[in-house]
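# Analysis of the macromolecular model
One-letter residues, chain by chain:
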Amino acid sequence: MVAEYRGMWQELGLDLEAHDALLEGLGEAYRDIFLTQPNRPRAMDYFDFVVGEIHGARVQELLHAKAQGRKVVAAFCVFVPEEVVLAAGAIQVGLCGGAEVGFDRAEQYLPQATCPLIKSFFGFKLARVCPYFELADLVVGEATCDGKKKAYEVFGDLAPVYVMDLPQTKSGAGRALWRAELGRFTAEIERLTGRTVTAGGLREAVGVVNARRAALNRLARLRAADPAPISGLDALLVNQVAFYDDPVRFTDKVNALCDELEQRIRRGEGVAPRGAPRILVSGSPMAVPNWKIPMVVESCGGVVVGEESCVGTRSTRDLVDEGAQTLDGLLDAICDRTLRIECACFTPNNERLETVDRMAGELRADGVLHYNLSFCTPYAAESLRLQRELSRRGRPVLRIETDYSRDEGQVRNRVEAFLEMLRPQAGA
Ligand code: BJ8
């Protein structure tokens, strides 16, 4: 792939040497972590292909769309309403921040004690190794955690950034603020694209994004089967690819994967032996290529059966109500859906505890692994109460705080001990 796309990367202004090294490292990691898994569903071939071409064919496709007049909007948070972007004829992509790239340069702009997800997106930009940053017509940030809010201020010197204001509470006043922000964002996207967002266009876009969410929810539900029909690694990968791929094509492929998993379930076939400890992961998002937690859990004999995370069911669980006929009505419905997202940046956020408890029950999880990115205060603060309360309800919780460094050994020791403790109740 390298030779074929070299000219494209050069034109985008990437640092070719650094980019080659990144792709080589990622390719090797992907082969070791994903392609060595036994008994993968055949339908994962498509997702392997997308990852292999993540800086190749997909970038080419986006550049082709731009050449035809479409705009590309890049975002970091699931609050950014993709429906509005699609309705204006633009394309939305997620910007990843899941690898330790360019951290030394990022620390010239940000405090060292910053969450790795934030340092990573800075690092990718400063090291000039992310084609998505370079092709985006607009980068959309959001006022969520303090780290991101301040980072976007600084980032504005490096790229065109538009920041959405988010309320801190889900009160009536908070809803009014967010609803007004959706209107302001719609106007900004109309200005960027030169197209008016109509009720018809928005309703169609809501249908496209809802269909993707429904397919991902179908996948999430199938993981309740014992034995688990798909590994946590592969399911996380599918959720990560959702942020990059064309939404209609992606939805078809996820549904094809689900068809295959349903056949597996009927045959009683799975990826881990029946009785392998089943883990629900909850906490900070895992952006591509952050695969550390499922990799460690599954290499220790457990299986991850769900992610209560924005790269997981937190962002897909609820659909936008498609009943509204007017533009305002549809924006209201988008507003209501997004405000059901249980992000730890909101206060209070008590519903999240009930969601984790309910998911653990539905997915037949033996334990919950609370995953915290270092310096992510919102999720760290919630994890203590979550652990206390879930333990009181008889659900064992392991809290892991880590970054993107190669500390798998330490993480593994703690995960192994946790799985050992769960084995008797898992029936292994
Ligand atoms: S809706 S979780 S995608 S804000 S990990 S940068 S919170 S210090 S990512 Fe998020 Fe939207 Fe919420 Fe979801 Fe800050 Fe924590 Fe880092 Fe985080």
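Here goes a summary of the coordinates provided. Bear in mind the structure is a predicted one, so any value in this text is a computation, not a measurement.

Helices and strands together make up the secondary structure of the protein chain, namely 18 helices and eight strands. Relative to the globule expectation of 22 Å for 428 residues, the C-alpha radius of gyration of the protein chain, 21 Å, shows essentially globular dimensions. Taking all 428 residues of the protein chain together, the buried fraction comes to 59%. Long-range contacts, defined here as pairs at least 24 residues apart, represent 76% of the contacts in the protein chain between residues at least 6 apart. With the model as given, the accessible surface of the protein chain reaches about 17,000 Å², and the carbon-plus-sulfur share is 50%.

This paragraph deals with the sheet that holds strand S7 (residues 367-373). With parallel pairing, four strands are arranged side by side in an open sheet as S6-S5-S7-S8. At either margin of the open sheet sits one strand with a lone partner, and together these are strand S6 (303-308) and strand S8 (397-402). Across this sheet, the average inter-strand angle for adjacent strands is 25°, counted without regard to direction. Pairing analysis gives five bridges linking strand S5 (residues 278-283) to S7, with the strands arranged parallel. Directly across from Leu280, in S7, lies its bridge partner Val368. On top of the sheet, helix H18 (residues 408-426) reaches S5, S7 and S8; it is set at about 170° to S8, its chief contact.

All right, on to the site of the ligand then. As a structural note, the neighbourhood of the ligand is formed by 15 residues, with Cys77, Cys145, Cys310, Cys343 and Cys376 the closest of them. Considering only residue class, the shell around the ligand consists of 12 nonpolar, one polar and two charged.

What follows deals with the nonpolar core. Phe47 and Val415 are the most contacted members of the largest nonpolar core, which totals 133 residues. Sorting elements by how many residues they give to this core places helix H11 (residues 199-222) first, with seven residues. Sequence-distant contacts of Phe47, that is, excluding residues within four places in its chain, are made with Tyr30, Leu237, Val238, Val241, Phe250, Lys253, Val254 and Leu257. Ala272, Leu353, Leu363 and Leu386 belong to the second-largest nonpolar core, a separate cluster that totals 17 residues.

Glancing now at the sheet that holds strand S2 (residues 91-94). Spatially, S2-S1-S3-S4 is the arrangement adopted by the four strands of the open sheet, whose pairing is parallel. In the strand order of this sheet, the two ends are held by S2 and strand S4 (161-164), each with one partner. Going across the sheet, the axis of each strand differs from the next one's by a mean of 30°, ignoring polarity. As paired elements, strand S1 (residues 72-75) and S2 share four bridges and run parallel to each other. Each residue of the ladder has a partner; that of Val73, found in S2, is Gln92. Here helix H4 (residues 57-67) sits on the sheet in contact with S1 and S2, set at roughly 150° to S2. Sheet strands touched by helix H10 (residues 172-193): S1, strand S3 (138-142) and S4. Its angle to S4, the strand with the most contacts, is close to 160°.

Attention now moves to unusual backbone geometry. Residue Asp226 is joined to Pro227 through a cis peptide bond whose omega torsion reads 5°. In this chain, Val288 is followed by Pro289 through a cis amide linkage whose omega measures 5°. Tracing the backbone through its elements, the reader meets Pro289 in the loop between S5 and helix H14 (292-299). Non-glycine residue Arg364 carries a positive phi angle of around 55°. In this structure, Arg364 sits in the loop between helix H16 (351-362) and S7.

Across six bridges, the pairing between S7 and S8 is parallel. Looking at S8, one finds that Tyr371 is bridged to Ile400.

Further remarks concern the pattern of salt bridges. By the definition in use, this model includes 41 salt bridges. Where Arg249 meets Glu61, a salt bridge forms, and the shortest distance between an N and an O atom there is 2.8 Å. Of the two residues, Arg249 sits in helix H13 (residues 247-267) while Glu61 sits in helix H4, which places them 188 residues apart along the sequence. What makes Glu61 partly exposed here is its relative accessible area of 31%. Between Asp336 and Arg175 there is a salt bridge, with the nearest N and O atoms lying 2.8 Å from each other. Taken together, the residues span a long stretch of sequence, with Asp336 in helix H15 (residues 327-338) and Arg175 in helix H10 at a distance of 161 residues.

Rules of the game
Residues numbered from 1 in each chain as written. Predicted model: local features only at pLDDT ≥ 70, side-chain atom pairs only at ≥ 80, totals over all residues. Heavy atoms only, no water. Helix = DSSP H or I, 4+ residues; strand = E, 2+ residues; numbered from the N terminus. Rg over C-alpha atoms; globule rule 2.2 N^0.38 Å. Buried < 20%, exposed > 50% of the residue type's maximum accessible area, 1.4 Å probe, protein only. Contact = heavy atoms within 4.5 Å. Areas by Shrake-Rupley, 256 points an atom, 1.4 Å probe, with all protein chains shown as cover. Pairing = 2+ DSSP bridges. Axes fitted to C-alpha atoms, helices over the stretch in contact; angles between N-to-C directions. Near = heavy atom within 4 Å. Nonpolar A, V, L, I, M, F, W, Y, C, P; charged D, E, K, R; others polar. Core = buried A, V, L, I, M, F, W, Y, C linked by side-chain atoms within 4.5 Å. Salt bridge = Lys/Arg side-chain N within 4 Å of Asp/Glu carboxyl O.

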